[in-house]
Amino acid sequence: MAPALIHDDVPLWVVLGHAESQQLVRSPAHFCKDSRIWSALGDGLVKPDHPLMPHIAWQPMCAHAEGDEHRRLRGAIDVAVAATDFRGLRRHVNRSVQRVVNRFCEAGEAELVGQYAEHLPMAVMCHVLGMPDEYNDRIVEAARDMLRGTETAIASNAYIMDALQRLTARSRAEPLDDFAGHLTRHPAGLTDEEIAQHLRVVLIAACEATANLLANVLRQVLIDPRFRSQLNGGQMTVPQAVEQLLWDEPPFSTIFAYFAKQETELGGQRIRKGDGLLFAPAPANVDPRVRPDPTADMMGNRSHLAFGGGTHECPGQDIGRVVAEVGVDALLMRLPDVELSVPESELRFTESIASRHLVELPVHFIPRPQQDVLQRPSHENDAPPRQDWHIGVNRPGPAPVAAPEPVGEAPLSMPAPPPAPEPRPEPRGAWQRLLRWWRGY
């Protein structure tokens, strides 16, 4: 536990330990996510224009709700996630990889954060939610702009909400077998506003978390030859690589925030009623009590806190895993020779209270033709097929010239094949046709 000051010198606690973080998220009797009980907010220390107000302000959604209201709203989200066809999702991620990679594969170079890691999750999530036609460069830029908190963030939020409200209206009129349709049909009876707001939370959280995870795994593959050789040699699977990065580089370094419902103690510190507490997966994942060697492989161990825990644990984590796993595997299948174009020391990150985001990941590779989006990503058809290959030939050569006919002896004449029998005329009468059928003709 450590006391800290955030923007405008607003005090709160940062929970650093793994066990303390588990206690925080699994003690709903002591801690909640309802910011209306936060002392700093009630005392006026947090101004209406505070830069974290979008995260602080209470909203009628499951991320801030508790008790019966949380169970009502979260229940609808859980049902929509459980209805996901993960086999079909993997197939769609493969197709999305083809579409995204087709945009730069012929150039022989790319920037894998802006051109790949930020695009693939949005393409997939637009399909999952039920609005595949909304995926384009504009919605990707709007999602990133919202999280950066720029001067145009409000306009970007309005753009996304407009798309989600159209989706909600369509789903209300004709619910389909997609995420929005399951929210609309759920017995909890969500209002249109609740549906649209929860779709926004799912869309933005999934895209930001998965984009960070995807970029971090690809960076590790490109900068660490041992990591890449373990993947190529089969000592490590792509899902294991993803789990390793969830330990080392969780998509969200901190998650804002929990609040003390009563006076209590956590990590040997006295916590007063109304205190704010910052849940921090990044330091918890390297707590020496659970990970004495922070460089050790954590294969098969899913006790990291990258997706939170307790009643507010990320509901879409399995969707994020699929996008990251298939996204890494399919990209390396399409571009097996991809290499980093700059020294590792030149890679830059932007850091905020919530995450550490890789700015750029420039790479180069052998230019390749576009591929059919309906096929699984593959590099097997990079070169034209060799039709004249035979033992002892290393490269395609000119077509062999036919040998000249020998002069002198005439070729032996072969007996002509017997003429083919003429087909029997088809019987015209019904009785004749029946007899013919009965006899097996």
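The structure under discussion appears in the preceding block.
Residues numbered from 1 in each chain as written. Predicted model: local features only at pLDDT ≥ 70, side-chain atom pairs only at ≥ 80, totals over all residues. Heavy atoms only, no water.

What the protein chain contains, in helices and strands, is 16 helices and 12 strands. Across the 441 residues in the protein chain, those meeting the buried criterion constitute 46%. Contacts in the protein chain between residues at least 24 apart in sequence constitute 69% of all its contacts with a sequence separation of at least 6. Roughly 24,000 Å² of accessible area belongs to the protein chain as shown, and the carbon and sulfur atoms make up 55% of that amount. (Helix = DSSP H or I, 4+ residues; strand = E, 2+ residues; numbered from the N terminus. Buried < 20%, exposed > 50% of the residue type's maximum accessible area, 1.4 Å probe, protein only. Contact = heavy atoms within 4.5 Å. Areas by Shrake-Rupley, 256 points an atom, 1.4 Å probe, with all protein chains shown as cover.)

Here we take up the packing of aromatic side chains. Tallied over the entire structure, the rule returns 4 aromatic pairs. Here W38 and F256 contribute two aromatic rings whose centre-to-centre distance is 6.0 Å and whose plane-to-plane angle is 70 degrees, an arrangement assigned as edge-to-face. In this pair, W38 sits in the loop between β3 (31-32) and α2 (39-42) while F256 sits in strand β5 (residues 255-260), placing the two residues 218 residues apart along the sequence. A relative accessible area of 15% means that F256 is categorised as buried. Summarising the aromatic geometry, the rings of Y258 and F279 are spaced 6.4 Å apart at their centres and angled 65 degrees between planes, so their arrangement reads as edge-to-face. Residue Y258 is located in strand β5, and its partner F279 is located in strand β8 (residues 276-279); the two are separated by 21 residues in the primary sequence. Of the aromatic side chains, those joined through ring pairs into one cluster are W38, F256 and F259. Over the ring of Y258 we find K33, and its NZ or CZ is 5.3 Å from the ring centre. The cationic tip of R36 hangs over the ring face of W58; the distance from NZ or CZ to the ring centre is 3.8 Å. (Phe/Tyr/Trp six-rings, centres within 6.5 Å; stacked < 30°, edge-to-face > 60°. Lys NZ or Arg CZ within 6 Å of the ring centre and 35° of its normal.)

Attention shifts here to helix α15 (residues 317-334). In a regular helix each residue adds 1.5 Å, so 18 residues correspond to 26 Å; α15 covers 26 Å between its end C-alpha atoms and thus fits that length. Within α15, 15 of the 18 residues are buried, which leaves it mostly tucked inside the rest of the structure. (Expected span 1.5 Å × (residues − 1).)

Here the focus is the pairing of β5. The element β5 is extensively covered by neighbouring structure, given that 5 of its 6 residues are classed as buried. In this structure, β3 lies alongside β5, joined through 2 bridges in antiparallel fashion. Pairing of F31 across the sheet is with A260, part of β5. Across 3 bridges, the pairing between β5 and β8 is antiparallel. In the sheet register, F259 faces β8, and the bridge partner there is G276. (Pairing = 2+ DSSP bridges.)

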